[in-house]
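Working through the structure, step by step
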Amino acid sequence: QPFGSLAIAHSLRPSHSPLLSTFVHLFFTMRFTSASAWSLLAIVAHVSIPNASALSIPNSALETINAGGIAVLPNFLSPSVVSRLRSDAHDLYYDENAFIVDALAGYGQKAGAKDKASFDASKDRAVLPAYTPSQKREGPFASTTLGDADARQDLTATIAQLRYELAKGLERPGLDTPDRPNNHEISFTRFGAGANLARHVDEHHEELKGRAGWSKATRRSISWLVYLNEEDWNADRDGGELRTYERISRSSKPVGARQGDLQVGWLAPTKNDNKERPVFLDGRRGGVSGRCAMYIDSDDGERRIYLTKEFESDPYLFLTSDFFVQNLLIQDHDLGRRFHYLEQPKSAVTAYFKADPGEAIKDVAPTGGTLVLFDSVTLPHEVLATKERERWATSGWFHEVQQPVHDSQQLFL
């Protein structure tokens, strides 16, 4: 089934090749619907192009992502490109009214709780998406008739190359899946004056999402963001920083997932074991969704070392905390004391939980042209409030295929 013109740009390795540039242009201005056209599309998307432009993401950035930190690459986009994209976003917001206000930022939550009639959309977060899941169709970002479509097309090609390099550099081949629809989110974002976004992680284990957890074909793997603010943006004066909560000790193993099992926590280092160890959740013991156990990698990476006996996801994963896992689920109390969730499940008592002593705050200023990258599962983060100015960015998530569930043994709890 055809899934729209934007998908090819997500998958193509960008090139200065006139032939490929012509193909991309044709694809954005025409709608192919035949099976043969889509077969050709898949072939072209996988061709290795000798003249492809190389972004050359530094190894230090790849190592940082794999260790659970945030990679910050200044000047990823030139000032002229940033200015052009910001102008496009500005015009689409003010002149075309094409953005969607999601009321997820701090302003929207507070205003909605007090008086919905007084809600001021200009002070909240707004997005211009490439795909609208609720309507199962392309969003305005993918439009070839709205605004500066050529600028967005060039950006999408650059991000496609970024995705390709990350798939290779991080050894996550599932990132580079051009033949799958809607497996990449990309948008413009605008934060109005005073808007902020509370602490969160961008992706959760399927079992932490309840019944909806297994309903999607893909899940977020890598989060990315490029700031589009003016050159004179000053974080001390204008705010809007991205605040991250990195581990003080670097992870001893690559973070995120193991054979589809997503990470849910950490074992903090000790004097006897100085390694920060990611903890993964096997949420389908025996092929049954909801039958869970937590594990870490062995030092040689060849085996799973299970920390808990089997337990049911409901209620244990929804009515729990670090304390509960430390003292009841993990049988070895020395190991149990080391456990911390990536992000403790939210509840009425969340505010009373102690902060994780293994975390350190790192703020990233929203300087125009700067690219940030991090694992979607592992890194808690928030957006600090902007002050008097609008905060512009383009952002998205690279997806991987979600682990399958045995249909004959599904158990929704």
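Residues numbered from 1 in each chain as written. Predicted model: local features only at pLDDT ≥ 70, side-chain atom pairs only at ≥ 80, totals over all residues. Heavy atoms only, no water.

1. Concerning the packing of helix 5 (residues 79-94) against helix 7 (residues 149-169)
Where helix 5 contacts helix 7, the two axes come as close as 9 Å, and the packing angle between them is 125 degrees. When the axis of helix 5 is compared with that of helix 7, the two are oblique. Our pair here, helix 5 against helix 7, has a crossing hand that is left-handed. Across from R84, L85, D88 and L92 in helix 5, the residues of helix 7 making contact are D150, A151, R152, D154 and L155. Grouping the constituent residues of the contact of helix 5 with helix 7 by class yields four nonpolar, no polar and five charged. (Axes fitted to C-alpha atoms, helices over the stretch in contact; angles between N-to-C directions. Helix = DSSP H or I, 4+ residues; strand = E, 2+ residues; numbered from the N terminus. Parallel < 35°, antiparallel > 145°, perpendicular 65-115°, else oblique. Left-handed = near helix turned anticlockwise from the far one by under 90°. Contact = heavy atoms within 4.5 Å. Nonpolar A, V, L, I, M, F, W, Y, C, P; charged D, E, K, R; others polar.)

2. Here we look at the pairing of strand 6 (residues 184-191)
With seven of eight residues buried, strand 6 lies mostly within the body of the structure. Of the pairings in the sheet, the one linking strand 3 (residues 125-129) to strand 6 comprises five bridges and is antiparallel in character. Residue pairing across strands places L128 opposite F188, the latter belonging to strand 6. Two strands pair when backbone bridges link them, and strand 6 and strand 20 (residues 391-401) are joined in this way by eight bridges, in the antiparallel orientation. Counted as the bridge partner of E185 is W397 from strand 20. (Buried < 20%, exposed > 50% of the residue type's maximum accessible area, 1.4 Å probe, protein only. Pairing = 2+ DSSP bridges.)

3. Things to note about the packing of aromatic side chains
Applying the stated criterion across every chain, the model contains nine aromatic pairs. Plain terms: the ring middles of Y93 and Y94 are 4.8 Å apart, the flat faces sit at 85 degrees to each other, and that makes the pair edge-to-face. For Y94, a relative accessible area of 42% corresponds to the partly exposed category. Ring plane angle 70 degrees and centroid distance 5.1 Å describe the contact between F141 and F188, whose orientation is recorded as edge-to-face. Of the two residues, F141 is situated in the loop between strand 5 (137-138) and helix 7 and F188 in strand 6; the sequence distance between them amounts to 47 residues. Judged by relative accessible area, F141 falls into the buried class, the value being 1%. Judged by its relative accessible area of 0%, F188 is buried. Note that R152 overlies the ring of F141, its terminal NZ or CZ placed 5.8 Å from the centroid. The ring of Y245 carries R199 above its face, with NZ or CZ at 4.3 Å from the centroid. (Phe/Tyr/Trp six-rings, centres within 6.5 Å; stacked < 30°, edge-to-face > 60°. Lys NZ or Arg CZ within 6 Å of the ring centre and 35° of its normal.)

4. Points about helix 5
When the terminal C-alpha atoms of helix 5 are compared, their 22 Å separation across 16 residues agrees well with the 22 Å that a helix rising 1.5 Å per residue should span. For helix 5, the complete set of buried residues consists of V82, L85, R86, D88, A89, L92 and Y93. Within helix 5, the buried residues cover an arc of 160 degrees as seen down the axis, which keeps them to one side. Of the exposed residues in helix 5, the ones pointing more than 90 degrees away from its buried face are P79 and S80. Buried residues along helix 5 sit against strand 3, helix 7, strand 6, strand 8 (218-227) and strand 20. (Expected span 1.5 Å × (residues − 1). Arc of directions from axis to C-beta.)

5. Description of the confidence of the model for the protein chain
Looking at the protein chain, the pLDDT average stands at 80 and 74% of residues meet or exceed 70. Between residues 1-53, whose pLDDT stays under 50, and residues either more than four places distant or in other chains, the model counts 87 contacts. (pLDDT = per-residue confidence, 0-100.)

6. Some details on the sheet that holds strand 17 (residues 359-364)
Reading across the sheet, the four strands line up as 7-19-9-17 and stay open at both edges, with antiparallel pairing between neighbours. Since the sheet does not close on itself, it has two edges, and those belong to strand 7 (197-200) and strand 17, each with one partner. For this sheet, the mean angle separating the axes of adjacent strands, direction not counted, is 15 degrees. Pairing analysis gives three bridges linking strand 9 (residues 242-247) to strand 19 (residues 381-383), with the strands arranged antiparallel. Residue pairing across strands places T244 opposite H381, the latter belonging to strand 19.

7. Here's the deal with the nonpolar core
Grouped together as the largest cluster of nonpolar side chains are 37 residues, with contacts concentrated most on F99, L162, L166, F188 and L373. For this core, the element with the most residues is helix 7, which contributes six residues. Residue contacts for F99: discarding those within four places in its chain leaves A89, L92, Y93, A126, V127, L128, F188, T189, R190 and W392. Judged by nonpolar contacts, the second largest core, of 15 residues, contains L267, V279, M294 and L317. (Core = buried A, V, L, I, M, F, W, Y, C linked by side-chain atoms within 4.5 Å.)

8. Describing helix 10 (residues 322-329)
If you check which residues of helix 10 are buried, you get D322, V325, Q326 and L329. For helix 10, the angular spread of the buried residues around the axis is 125 degrees, confining them to a single face. In helix 10, those exposed residues whose orientation departs by more than 90 degrees from the buried face are F323 and L328. For helix 10, the secondary structure elements touched by its buried residues are strand 13 (291-297), strand 15 (311-312), helix 9 (313-316), helix 11 (333-336) and strand 16 (339-341).

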